[in-house]
Amino acid sequence: ISISRSGNPPLWAASEQWIDSVEWLTADATPSQGTDPILLSQALGFIDGAVSCVGSIQPRPEWVQLMGLSFDDDALRFQIGNVNENIVNICK
């Protein structure tokens, strides 16, 4: 099972044979987006484990530090941390 906002396989995998073996579900794990955790947990059924690959890293516009990129730690914790916490709570 793969859960994403689009509910579709990624474009880079369009020609891969394995994508037909995956059940693609549409959901947004961001707590504020209103995904019903009960419906999502029912769709998942009983699972032994989950892998979360949440990516939302956007550097600040200012160029700082050695490599030039700087990140807003509070924003990262909010964007990625809240989503992962929501996923964990749904999977319990």
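Cut-off values and rules
Per chain, residues are indexed from 1 in the order of the written sequence. Note on the predicted model: pLDDT of at least 70 is required for a residue's local features to be given, and 80 or more for side-chain atom pairs to be given and counted; whole-chain, interface and lining totals, by contrast, use all residues. The side-chain quantities take in all heavy atoms of the structure and omit both hydrogens and water. Secondary structure elements follow DSSP: runs of H or I no shorter than four residues count as helices, runs of E no shorter than two count as strands, and numbering proceeds from the N terminus. We call two residues contacting when some pair of their heavy atoms lies within 4.5 Å. Here the Shrake-Rupley method, with its probe set to 1.4 Å, supplies the accessible areas, and only the displayed protein chains count as covering residues. One fewer than the residue count of a helix, multiplied by 1.5 Å, yields its expected span. In this scheme, the bend at a residue equals the angle between the axes fitted to the seven residues that finish there and the seven that begin there. Only protein chains enter the calculation, and the probe is 1.4 Å; a residue is then buried if its accessible area is under 20% of its type maximum, exposed if over 50%, and partly exposed in between. Note: pLDDT gives the predictor's confidence per residue, expressed from 0 to 100. Here is the rule: rings of Phe, Tyr and Trp (six-membered ring for Trp) pair when centre to centre is within 6.5 Å. Planes less than 30 degrees apart are stacked, more than 60 are edge-to-face, and the remainder are tilted.

Novice: What's the story with the overall build of the protein in this structure? I'm lost.
Specialist: Along the protein, the regular secondary structure elements total two helices and two strands. Across the protein, contacts joining residues at least 24 apart in sequence account for 40% of those joining residues at least 6 apart. A total of about 7200 Å² of accessible surface is found on the protein, and carbon and sulfur atoms cover 56% of it.

Novice: Would you explain helix 2 (residues 73-91) in this entry?
Specialist: Residue pairs spaced three or four apart in an α-helix point in one direction, given the helix's 3.6 residues per turn. Helix length check: helix 2, at 19 residues, gives a terminal C-alpha distance of 26 Å against a target of 27 Å (1.5 Å per residue), a fit within 8%. Taken as a whole, helix 2 carries its principal kink of about 25 degrees at Gly81. Taken together, the buried positions of helix 2 are occupied by Ile80, Val83, Asn86 and Ile90.

Novice: Would you explain the confidence of the model for the protein in this entry?
Specialist: A low pLDDT means the predicted coordinates there should not be read in detail. On average, residues of the protein score 76 in pLDDT, and 73% of them are at 70 or above. No element of the protein has a lower mean pLDDT than helix 1 (residues 37-44), which averages 71, and none a higher one than strand 2 (residues 24-26), which averages 84.

Novice: Even after reading the chapter, I still don't get the packing of aromatic side chains, so can you show me in this structure?
Specialist: Centre distance and the angle of the planes are the two values used to describe a pair of aromatic rings. Tallying each qualifying case throughout the model produces one aromatic pair. When the centroid spacing of 6.2 Å and the interplanar angle of 50 degrees are considered together, the rings of Trp12 and Trp18 count as tilted.

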